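Results of the structural survey
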Amino acid sequence: MTSPVLAVQQATVARAGQVAQAAAGRLLSEQRPDGHWCAPLTADVTLEADYILLQLWLHPPQGGTWNPPTRPLVERAAQAILERQLPGGGFHIYPGGPAEISATVKAYFALKLAGIPADDPRLERARRTILDLGGIQSANSYVKINLSLFGLYPREHCPSIPPEILLLPGKAIYRMSSWSRAIAIALAIVQSAGAPRPVPAGFTLEELFHPDLPTSFAPAEGFFTWRNLFLRLDALAKWWERRGWSAVRRRALRAAEAWILERFEDSDGLGAIYPPMMYAVMALDVLGYTPDSPLRRRALEQFEALMTDDGARFYFQPCFSPVWDTAHALYALAESGACPPEPLERAARWLSGREIRRRGDWSVMRPRTEPSGWAFEYRNGFYPDMDDTAIVLLALGGRAPFGAAQHERARAWLLDMQSRDGGWAAFDADNNWNFLSHVPFADHNAMLDLTCPDITGRALEALAAQGISREHPAVRRAVRYLERTQCPDGSWYGRWGVAYIYGTCFALRGLAASGESDREAHILRAGEWLRSIQNADGGWGESCASYPDGAYTPAPSTPSQTAWALLGLIAGGDTSSSSVLQGIQYLLETCRDGAWSEEQFTGTGFPGVFYLHYGLYPQYFPLLALSAYVKHSRGAPRGQRP
């Protein structure tokens, strides 16, 4: 006779299989004819605000009046910003979050520039919020730099980014993260223009300055600190701008121009991400490229391709996510066993065709490594990343549309990109000069590309799927890295997803794939932590506030975070606890016609600064979790792929 508990489990497994099949069909319906997936990737209002700023740069006011030829799009962008204004007047950087000073300053500037008068109640509320948060002086460095380009914030109180940084010895520019590097070099050219650009007659932001706070840099306590040293270097850079040798400046600008032009090759824009793409357009303008020059026109077209205006919605994407989406979709569909082979083969062929076979910025630290890897976007030849490469290898599995040699190259590249501490970062190896986090323009919280548990766990999964055994030195070092970076409460930090649930999920999956026993204390602690934070509805949720809080911060359940928690628990050996059963039931109850809905931001760009909503996260991760549950409930060994 079957016990009631066993009967419930059996019914849940059967139902999970049915829903997984429906979810696989829904995901498959979104595959594009050539085999790939690419869902919208969205963020906060700062992208639309920066678009309006760029229009002011490209189309200066005439006779004090600003009426750019892009006026209809400026108005569409302003309306999109207003639609996300909080009742109190501010703007958040993730749904459910508080008003954030930098986003609110950017939005206020853009709305006022778009023609909304300062005495409009919406701007009045935004202004009060800004002053309550410390005024414009409390915004981050990039906001201040952007405004200083138009004389709206004192240039002397903004960080200087001299183009001469490219001339520093030891390839110092490659010691900052790849995204900061691309931003900094383009912005250095923009800053070199000198005199501020004009604004409409009478336009000012004086009303945003807090009367009791200084506009100057705040030094750190103590005589010798890294921050104070960099502030002195910033003062030296400003002196150099006024008195330095013009010949050196010209040489630096030529080097910066050449660096940018080289990275336009095999790319959909500088770095293929919004901020450097925008600054690259501005930099070309400073360098004298006319609006009708093919290079500048192409750079602007690539930037504007990030815009979506379908009549119902207007928004900018920070970049495109086709490789990331396609690899996850292919992997989830393959795991489900509910998809015919032909669509999987098309997806595999599409992915295989996007292997990067040129040397990029990563090769500065790994000059002897043969080029391979995959980028996040359609074309971004200088910037393959380890996270995408790992999930592509997982997704391809035993498929080799372009031959086994491709797998061998990618596996070798991933192994060579392991950092000395045993972990993997996103784009570079050993990108860990921590003192650079104290430079004045480093407050975007992403100056470095440090190793992290989430990518390390995924790399371990990929290497195991490629036949790399637990005895391999790289695997042993990575396992020790994960043991060392586990938080005292049993969780792991997630750099690229929100946040501790994400990190814990992929750390556990990596450890399981590497053959770590689920009886080890760190595995048991992680499982206990995941069970301890489960919501009453059976799901899991975590706020983006976990990053500034430095610890898990609860939030309402989401499909993607519930899926991560379940995947982590299953990888840790738990397939039958009440927590797992309730989590699976949450996914079953919230699925509608094979799909889940999710408004919260569960992706991370820059922790504490910029978050992301991935359109397909609530689709392929729940499918993967349901498939893992069904597989392991039917007796498949822990960590085994189908």
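Let me begin by describing the structure that accompanies this report. What you are looking at is a predicted structure, and each value in this text was computed from that prediction instead of being measured.

Considering the overall build of the protein
Helix and strand content of the protein: 23 helices and 5 strands. Relative to a compact globule of 642 residues, whose C-alpha radius of gyration would be 26 Å, the protein shows 25 Å and is just as compact. If one aligns the C-alpha atoms of the protein with their principal axes, the spans along those axes are about 85 × 55 × 55 Å. Burial analysis of the protein (642 residues in total) assigns 61% to the buried set. Intrachain contacts of the protein at a sequence separation of at least 6 include 73% that bridge at least 24 residues. Accessible surface computed for the protein: about 24,400 Å², of which carbon and sulfur atoms make up 54%. If the 61 positive side-chain charges of the protein are averaged to one point and the 66 negative ones to another, these points end up 5 Å apart.

A word on empty space enclosed by the protein
Summed over the entire model, instances satisfying the criterion amount to 2 cavities of 30 Å³ or more. Its boundaries defined by the atoms lining it, the largest cavity holds a volume of some 60 Å³. Contributing to the lining of the largest cavity are A49, D50, L53, K106, F109, V143, N146 and L147. Looking at the lining of the largest cavity, its residues break down into 5 nonpolar, 1 polar and 2 charged. By volume, the second largest cavity amounts to about 40 Å³. Among the elements of the structure, α12 (322-336), α14 (386-396), α16 (453-465), α18 (500-513) and α23 (617-633) are those that each provide at least two residues to the lining of the second largest cavity. When the residues that make up the lining of the second largest cavity are grouped by side-chain class, the tally is 6 nonpolar, 1 polar and 3 charged.

Description of the pattern of salt bridges
Inspection of every chain in the model, using the stated rule, returns 28 salt bridges. Between E48 and R84 there is a salt bridge, and its shortest N-O distance comes to 2.7 Å. Of this pair, E48 sits in helix α2 (residues 46-58) while R84 sits in the loop between α3 (71-82) and α4 (101-113); the two residues are 36 residues apart in sequence, bridging distant segments of the chain. Look at R84 and you get partly exposed, because its relative accessible area is 26%. Bridged by salt links that share partners, the residues R181, E262, R263, D361 and D428 form one connected network.

Some thoughts on the environment of G64
Of note, G64 is situated in the loop between α2 and α3. For G64, a relative accessible area of 26% translates into the label partly exposed. Taking the C-alpha atoms as reference points, G64 and R15, separated by 49 residues in sequence, lie 66 Å from one another. If sequence neighbours within four positions are ignored, G64 has contacts with P200 and A201.

A few points about unusual backbone geometry
The backbone of A272 shows a phi angle near 55°, a positive value even though the residue is not glycine. Checked against the element boundaries, A272 lands in the loop between α9 (246-264) and α10 (274-286).

Some remarks on the packing of aromatic side chains
Scanning the model with the defined rule gives 32 aromatic pairs in all. Relative to F610, the ring of F606 lies with its centre 6.5 Å away and its plane at 50°, an arrangement referred to as tilted. For F606, a relative accessible area of 17% translates into the label buried. According to the relative accessible area criterion, F610 is buried, its value standing at 14%. Clustering of aromatic rings is evident, with ring pairs tying together W324, F376, Y502, F506, W564, Y614, Y617, Y620 and F621.

So, the layout of surface pockets
Its volume calculated, the largest pocket comes out at about 930 Å³. Forming the boundary of the largest pocket are 49 residues, of which I273, P275, G605, F606 and F610 lie nearest the centre. Listed by contribution, the elements that provide at least two residues to the lining of the largest pocket are α2, α4, α6 (141-148), α7 (178-191), α10, α14, β4 (603-606) and β5 (610-614). Taken together, the residues of the lining of the largest pocket sort by class into 30 nonpolar, 10 polar and 9 charged.

What about the pairing of β4?
As paired elements, β4 and β5 share 3 bridges and run antiparallel to each other. Bridging from a neighbouring strand, G603 pairs with L612 of β5. Taking the residues that link successive antiparallel strands as the turn, the β4-β5 hairpin has 3 residues, and the phi of G608 there is positive, at about 80°.

Definitions and limits used
Residues numbered from 1 in each chain as written. Predicted model: local features only at pLDDT ≥ 70, side-chain atom pairs only at ≥ 80, totals over all residues. Heavy atoms only, no water. Helix = DSSP H or I, 4+ residues; strand = E, 2+ residues; numbered from the N terminus. Rg over C-alpha atoms; globule rule 2.2 N^0.38 Å. Buried < 20%, exposed > 50% of the residue type's maximum accessible area, 1.4 Å probe, protein only. Contact = heavy atoms within 4.5 Å. Areas by Shrake-Rupley, 256 points an atom, 1.4 Å probe, with all protein chains shown as cover. Lys, Arg positive; Asp, Glu negative; His and termini not counted. Charge placed at Lys NZ, Arg CZ, Asp CG, Glu CD. 1 Å grid on protein atoms, 1.4 Å probe; cavity = no way out; pocket = protein on both sides within 12 Å on 5 of 7 lines; lining within 4 Å. Points joined across faces, edges and corners; volume = space filled by probe spheres on them. Nonpolar A, V, L, I, M, F, W, Y, C, P; charged D, E, K, R; others polar. Salt bridge = Lys/Arg side-chain N within 4 Å of Asp/Glu carboxyl O. Phe/Tyr/Trp six-rings, centres within 6.5 Å; stacked < 30°, edge-to-face > 60°. Pairing = 2+ DSSP bridges.

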